[in-house]
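Remarks on the overall topology
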Amino acid sequence: MEREEGEGELDGLHTLAIVLLLFAALKLLYLLGLMDTEDKNDDDLEMTMVIHRPEGLDQLEAQTNFNKKELQVLYRGFKNECPSGVVNEDTFKQIYSQFFPHGDASTYAHYLFNAFDSEHNGSIKFEDFVTALSILLRGSTREKLQWTFNLYDINRDGYINKEEMMDIVRAIYDMMGKYTYPALRTDTPRQHVDAFFQKMDKNKDGVVTLDEFILSCQEDENIMRSLQLFENVI
Amino acid sequence: MAAGVATWLPFARAAAVGWLPLAKKTMPKPPIDKKSRSDEILFVNVSGLRFQTWKNTLDRYPDTLLGSSEKEFFYNEDTQEYFFDRDPEMFRHVLNFYRTGKLHYPRHECIQAFDEELAFYGIVPEIIGDCCMEEYRDRKKENQERLAEDNEAGEGGDAPLPPNSTSRERLWRAFENPHTSTMALVFYYVTGFFIAVSVIANVVETVPCRPIKGTVKDLPCGEKYSLAFFCMDTACVLIFTFEYLMRLFAAPSRCKFMRSVMSVIDVVAIMPYYIGLIMPENEDVSGAFVTLRVFRVFRIFKFSRHSQGLRILGYTLKSCASELGFLLFSLTMAIIIFATVMFYAEKGTKGTNFTSIPAAFWYTIVTMTTLGYGDMVPNTIAGKIFGSICSLSGVLVIALPVPVIVSNFSRIYHQNQRADKMRAQQKVRMARIRLAKKGTTNAFLQYKDDGGLQDHDSDSTALCVKNRSAFEHQHHHLLHCLEKTTNHEFTDELTYSEVCMTESVGYRTSRSTSLSSHQGNSSSCCPRRAKRRAIRLANSTVSVSRGSMQELDTLQVHKTSLAPQSRSSLNARTEDLKLNCDDRDFTAAIISIPTPPANTPDESLPPSPAIPGILRNSRSGSFPHDPVKISSL
């Protein structure tokens, strides 16, 4: 009897020891940060935003075709939306989607963002914003067409091929949404792209270069006339 | 360098005269001060409240908006002041920061509004002075928690999955939100059931059963029906293992999943079984490892996935960890003190229970927590006195950290209540948001119907169109440009479904059928549809549209019912139909004409006398396709 009791005690102590060991191991893991506690409150006031300040007003006025007053107006609007001074892609997509509530503007906003983001670092600063606006609104015809070419040329290799054009056109059609008249068919974008290439690709080599693009656009009076439409946007 | 130091710099430099007699070499030339020494007062107008401050004050912090050249963007030449369209009350605090170098947080302001102002002025919140830092931190944490919950309630809720999610993502979602699909719900209940079964089996297996025939001693049921219990245990462990592996497979980030608390609990719950399997039937070792079976009780913690209350409790305990630690520590101190005292007080008594200080621990704990089993009782007077002091102080020490824990629990519990309420209201909110969104989409359609896309010079522009804001005009112009680019029009759901309906019904013309046979992949809605419109080339020639007369009928009727005024005006002037853009373009609103008889000798389209006005299309340019005939009835 005595021995059994003694063994019982020993067994119990074994259990206790193992339980304590396990808890100590868990605590060690927790301390070492290996165990995730889903409690992210330790990083209280981390600096999440990168504040960017634009160049001086005079410099921007020299670099772009805007005058001081217009730059002030533009900056005020920009700063209101993005106090940190930069726009990242998600914010841009959100903003752009608000103008096209019918459909899905996120794909096209992605291409547009890449066209604005001259340094390809994932964020648009005020300088990028104002430079692009200056080209689009106050630039020469050639500059505008070059900007458009850069928008279409997704991989920036100097050529627009059919796949790139298909992506862009499909993104544009996505913005229309589902309820259109006439109803969109799945080969609508392809036909659109084929027509475009028929017109733009002068030497029929399957890609459109910058010169072909500019030449073709300059031949089309409609395009030339429409380019002037947006000059009084600001 | 702190702000105030700059003011003392001239003094320090002047005092450098005292070094001159001692200097070994000649002094260097001082830097040329290009800036003018005179200071000027700047005017800052914040939403009408005019502030005035020295320029030097603002220059103290050159990496903020007011201290850098960025404020020039807000300079108003006419009034010679800087105008900011922000909250004037908050600006007071911002300006005080420049003046005193310490940023204070106003207690009555919303934390997020304050943060936004700081972000606008380019001030990092870390500079908040010590007097206000704690308040700021607390409120920010509270706000973040609340936002995190709302986000969770929003996203993790019953939102529909993106259409092209992989099976892995769907599986993960089914695990996290059992309410999304019936399969997930079934699985959820099955695992819950098996957890319960496993725990109950663990408990029942130790209950003494009637002994086997022939023996006297009572056996625990576990040993009597050992095979049955073993099978049940195996089944449960198999299910748990399967569930764990599935979760591991579906987890978006396997590392993160393996480190989470729930996964550790899962592993600890099933490990003993496997260890028991591989452990050899060794006498010495198995004794200790049989005690591993005690870990099977961990399976009860798996219920925390199923029960929110358990999770709240766990979270509360975790957040009160420091208070609990303090309680434990102070209790340990008190136990040791009192146990020692009791031991020495009772040492002299014969046959006493207080054989050693560790033995006295038991008495102290039982007394301090006011349990009082009575198995160990002091006999001496000194022992009784100390015993009573022990029990009185025990009550106090335990009562101290309890309110803290309770308040934590109540805060977390209320947060959860709020989250549940949020989730319940989510559907209503989403419906309302969708309604608001539809409002903006319908605004454009309404705009079109009111004839807003016409030239603004014409007198027939409706008054309601003129009264729209400039923003609306420009936005509608943008949408209209998109329509022109794609040569498709925006419609609402009603029209779209009508169009689909009429097109799928009533196909009488062979031309349309022959056309439809040319279709490649048509949209799912309208499988047999005539080619309404060839794709318009970029800004150039115009397409042709044809259609069956029946479509024309319905559509015409529909359109005319919506906008009588514009139609009539357009009807009147069919010659020089000046539409919104230049005359080469067509709006889709104007339905084109039936196929000219020259092209379709094999069909006879019935005339449509009742149609009030098929509009005229002006011809333009060269068409790549069949010519469009103008007809008006």
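In this text the structure is predicted, and so the values were computed from the model without any measurement.

1. Some details on the overall build of chain A
Secondary structure assignment for chain A yields eleven helices and five strands. With 234 residues in all, chain A has 42% of them scored as buried. Of the contacts formed within chain A by residues at least 6 apart in sequence, a portion of 58% connects residues at least 24 apart.

2. Considering the overall build of chain B
Each helix and strand counted, chain B has 23 helices and seven strands in total. Residues counted as buried form 39% of the 633 residues belonging to chain B. Split by element, the accessible area of chain B, about 37300 Å² in all, is 62% carbon and sulfur.

3. Observations concerning the confidence of the model for chain A
With 88% of its residues at a pLDDT of at least 70, chain A reaches an overall mean of 80. Taken as a whole, residues 39–47 of chain A scores under 50 in pLDDT and shows 14 contacts with residues more than four places along the chain or in a different chain.

4. Here we look at the sheet that holds strand S2 (residues 49–54) of chain B
All names here are of chain B. Strand order across the open sheet formed by four strands is S2-S1-S4-S3, with mixed pairing between neighbours. At either margin of the open sheet sits one strand with a lone partner, and together these are S2 and strand S3 (75–76). Where strand S1 (residues 41–46) and S2 come together, six bridges link them in antiparallel fashion. Paired with Ile-41 across the strands is Trp-54, a residue of S2.

5. Here we look at a nonpolar patch on the surface
All names here are of chain B. Taken together, the side chains of Leu-310, Leu-313, Leu-317, Phe-409 and Tyr-413 make up a nonpolar region of the molecular surface, amounting to roughly 420 Å² of accessible area. The set of elements that each furnish at least two residues to the nonpolar patch consists of helix H13 (308–319) and helix H17 (402–449). Note that Leu-310 resides in helix H13.

6. Examining the pairing of S1 of chain B
Residues and elements named next belong to chain B. Here S1 folds back onto S2 in antiparallel fashion, the turn holding two residues, of which Ser-47 has a positive phi close to 50°. Note: S1 against strand S4 (residues 81–84), three bridges, orientation parallel. Residue pairing across strands places Asn-45 opposite Phe-83, the latter belonging to S4.

7. Things to note about the nonpolar core
If you look at the biggest cluster of nonpolar residues, it comprises 90 residues, and the most contacted ones within it are Tyr-108 and Phe-213 of chain A together with Leu-66, Phe-84 and Tyr-121 of chain B. Ranked by the residues each element gives to this core, the list is headed by helix H8 (residues 162–176) of chain A, at nine residues. Those residues within four positions of Tyr-121 of chain B in sequence are excluded, and the remaining contacts are Val-46, Thr-64, Leu-65, Leu-66, Phe-84, Arg-86, Phe-91 and Val-94 of chain B.

8. Things to note about H13 of chain B
With twelve residues, H13 of chain B extends 16 Å between its outermost C-alpha atoms, agreeing within 8% with the 16 Å of an ideal straight helix rising 1.5 Å per residue. Two to three positions downstream of the cap, the backbone nitrogen of Gly-309 of chain B sits 3.3 Å from a side-chain oxygen, assigning the N-cap of H13 of chain B to Ser-307 of chain B.

9. Focus: the pattern of salt bridges
Tallied over the full model, the rule gives 27 salt bridges over all chains. Among the salt bridges present, the one from Asp-211 of chain A reaches Arg-142 of chain A, with a minimum N-O distance of 4.0 Å. Of this pair, Asp-211 of chain A sits in helix H10 (residues 210–219) while Arg-142 of chain A sits in helix H7 (residues 141–152); the two residues are 69 residues apart in sequence, bridging distant segments of the chain. The exposure class assigned to Arg-142 of chain A is partly exposed, which follows from its relative accessible area of 41%. Where Arg-247 of chain B meets Glu-243 of chain B, a salt bridge forms, and the shortest distance between an N and an O atom there is 2.9 Å. One end of the pair is Arg-247 of chain B and the other is Glu-243 of chain B, both in helix H9 (residues 226–250) and four residues apart, which spans about a single turn. Residues Arg-247 of chain B and Glu-243 of chain B agree in their burial class; the two are buried.

10. Concerning the environment of Asp-492 of chain B
You can see Asp-492 of chain B is positioned in the loop between strand S7 (489–490) and helix H20 (493–504). Asp-492 of chain B sits in the partly exposed class, given a relative accessible area of 30%. Taking C-alpha positions, Asp-492 of chain B is 8.4 Å from Thr-441 of chain B, a pair spaced 51 residues apart along the chain. Other than its neighbours up to four places away in sequence, Asp-492 of chain B contacts Tyr-179 of chain A together with Asn-442 and Leu-445 of chain B.

11. Examining the confidence of the model for chain B
All names here are of chain B. Taken residue by residue, chain B gives an average pLDDT of 73. The fraction at 70 or more is 70%. Across chain B, helix H15 (residues 357–368) holds the top mean pLDDT of 92, while helix H22 (residues 549–562) sits lowest at 37. Below pLDDT 50 for its whole length, residues 507–633 participates in 186 contacts with residues either more than four positions away or in separate chains. With a pTM of 0.55, the predicted complex shows an ipTM of 0.76.

12. Remarks on the environment of Tyr-159 of chain A
All names here are of chain A. Residue position: Tyr-159 is located in strand S3 (residues 159–161). With 54 residues separating them along the chain, Tyr-159 and Phe-213 place their C-alpha atoms 9.8 Å apart. If sequence neighbours within four positions are ignored, Tyr-159 has contacts with Phe-149, Asp-153, Glu-164, Val-207, Val-208 and Thr-209.

13. Looking at unusual backbone geometry
Cis geometry marks the peptide bond from Tyr-181 of chain A to Pro-182 of chain A; its omega dihedral reads -5°. Mapping Pro-182 of chain A onto the fold places it in the loop between strand S4 (180–181) and helix H9 (188–200). At His-120 of chain A, a position not held by glycine, the phi torsion is positive, near 55°. Structurally, the position occupied by His-120 of chain A is in the loop between helix H5 (106–116) and strand S2 (123–125). Its identity as a non-glycine residue notwithstanding, Ser-47 of chain B has a phi of 50°, on the positive side. In this structure, Ser-47 of chain B sits in the loop between S1 and S2.

14. Side note on the packing of helix H14 (residues 321–345) of chain B against H15 of chain B
Residues and elements named next belong to chain B. Contact geometry of H14 with H15 gives a least axis separation of 8 Å together with a crossing angle of 120°. Between H14 and H15, the angle falls in the class oblique. Crossing angle aside, the handedness with which H14 passes H15 is right-handed. Counted together, Leu-331, Ala-334, Ile-335, Ile-336, Phe-338, Ala-339, Thr-340, Met-342 and Phe-343 of H14 and Ile-357, Ala-360, Phe-361, Tyr-363, Thr-364, Ile-365 and Met-368 of H15 form the full contact between these two elements.

15. Let's talk about the pairing of S4 of chain B
Side chains on a regular strand alternate between the two faces of the sheet. Residue and element names in this part refer to chain B. Across two bridges, the pairing between S3 and S4 is antiparallel. Bridge assignment links Tyr-75 to a residue of S4, and that residue is Tyr-82. Linking S3 back to S4 in an antiparallel pair, the connection comprises four residues, with Gln-80 at a positive phi of about 55°.

Criteria and cut-off values
Residues numbered from 1 in each chain as written. Chains lettered and ligands numbered in written order. Predicted model: local features only at pLDDT ≥ 70, side-chain atom pairs only at ≥ 80, totals over all residues. Heavy atoms only, no water. Helix = DSSP H or I, 4+ residues; strand = E, 2+ residues; numbered from the N terminus. Buried < 20%, exposed > 50% of the residue type's maximum accessible area, 1.4 Å probe, protein only. Contact = heavy atoms within 4.5 Å. Areas by Shrake-Rupley, 256 points an atom, 1.4 Å probe, with all protein chains shown as cover. pLDDT = per-residue confidence, 0-100. Pairing = 2+ DSSP bridges. Patch = residues over 30% accessible without salt bridge, like charges linked within 9 Å, V, L, I, M, F, W, Y side chains within 5 Å. Salt bridge = Lys/Arg side-chain N within 4 Å of Asp/Glu carboxyl O. Core = buried A, V, L, I, M, F, W, Y, C linked by side-chain atoms within 4.5 Å. Expected span 1.5 Å × (residues − 1). Polar contact = N/O pair within 3.5 Å; in protein donor to acceptor, adjacent residues only side chain to side chain. Axes fitted to C-alpha atoms, helices over the stretch in contact; angles between N-to-C directions. Parallel < 35°, antiparallel > 145°, perpendicular 65-115°, else oblique. Left-handed = near helix turned anticlockwise from the far one by under 90°.

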